[in-house]
Amino acid sequence: MRYEFHPEALEEYRQAALWYAGREPELGLHFIGSVEDAIKRVVEAPTRWRVIEEDVRRCLTHVFPYAILYTIEPDFLLIVAACTAVASPAIGSNESTNPDDEKQSFFGGVWLT
């Protein structure tokens with residue numbers, strides 16, 4: 001089954017990869033590999049991970065505290081967020097779980113300002 005990133009989820013993923021690469025280039029590559037491995041596991045068995053809200057499922061990455069949030073569409077998987085695992089339980093809440101910006105809140109896989 002193929003997958004697509006929601007544009008904001010792809011930007012989250014890109015920003016996280018850049019953040020890790022800024023700390024250490026090898027760490028950035030390791031992060032990307034960890035996320036890609038999680039996506040591969042989702043593609044191989046999309047119903048394996050539990051539903052956390054409505055039709056959104058969550059798969060955790062190994063090593064890094066990140067989660068892939070996705071929905072199962074008729075012809076593909078839609079990745080709606082690539083976020084810290086700490087942020088993923090906050091879906092639908094008004095509380096910010098982003099340590100870098102207390103003026104944001106996380107809702108449905110999207111950081112709102």
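That block above? That's the structure.
Residues numbered from 1 in each chain as written. Predicted model: local features only at pLDDT ≥ 70, side-chain atom pairs only at ≥ 80, totals over all residues. Heavy atoms only, no water.

**Q** I'd love a proper account of the packing of aromatic side chains, names of residues and values included.
**A** On inspection of all chains with the given rule, the structure shows 9 aromatic pairs. Their ring planes at 75 degrees and their centres at 5.0 Å tell us that Phe-31 and Tyr-66 sit as a pair that is edge-to-face. You can see Phe-31 sitting in helix α2 (residues 25–44) and its partner Tyr-66 sitting in strand β4 (residues 66–72), a full 35 residues away along the chain. For the pair shown, Phe-31 and Tyr-66 are each scored as buried. (Phe/Tyr/Trp six-rings, centres within 6.5 Å; stacked < 30°, edge-to-face > 60°. Helix = DSSP H or I, 4+ residues; strand = E, 2+ residues; numbered from the N terminus. Buried < 20%, exposed > 50% of the residue type's maximum accessible area, 1.4 Å probe, protein only.)

**Q** So what's going on with unusual backbone geometry? Residues and values would help.
**A** One non-glycine residue, Glu-54, lies in the positive phi region at around 50 degrees. Within the fold, Glu-54 resides in the loop between β2 (51–53) and β3 (56–60). Relative accessible area serves as the criterion here: at 72%, Glu-54 is assigned to the exposed category. With phi around 75 degrees, Val-63 is a residue other than glycine that occupies positive phi space. Within the fold, Val-63 resides in the loop between β3 and β4. Overall, the relative accessible area of 68% leaves Val-63 in the exposed class.

**Q** So, the pairing of β3: which residues are in play, and what are the values?
**A** When you tally the buried positions in β3, you get 4 out of 5 residues, the bulk of the element. Relative to β3, β2 is paired through 2 bridges, and the arrangement is antiparallel. Looking across to β3, one finds that Val-51 is bridged to Arg-57. Where β2 folds back on β3, the antiparallel hairpin that results is connected by 2 residues, among which Glu-54 adopts a positive phi of roughly 50 degrees. Where β3 lies against β4, 4 bridges are found, and the strand directions are antiparallel. Within the sheet, the bridge partner assigned to Cys-59 lies in β4 and is Ile-68. Where β3 folds back onto β4 in an antiparallel hairpin, the turn is made up of 5 residues, including Val-63, whose phi is positive at roughly 75 degrees. (Pairing = 2+ DSSP bridges.)

**Q** So what about the nonpolar core? Which residues, and what values?
**A** Among the nonpolar cores identified, the biggest contains 20 residues, and Phe-31, Ile-68, Tyr-70 and Ile-79 are the most heavily contacted of them. Of all the elements in the fold, those that place two or more residues in this core are α1 (7–23), α2, β4 and β5 (76–84). Setting aside residues up to four positions removed in sequence, Ile-68 forms contacts with Val-35, Ala-38, Ile-39, Arg-57, Arg-58, Cys-59, Ile-79, Ala-81 and Ala-82. Core analysis: the next-biggest nonpolar cluster, separate from the first, contains 6 residues, Val-56, Ala-67, Leu-69 and Cys-83 among them. (Core = buried A, V, L, I, M, F, W, Y, C linked by side-chain atoms within 4.5 Å. Contact = heavy atoms within 4.5 Å.)

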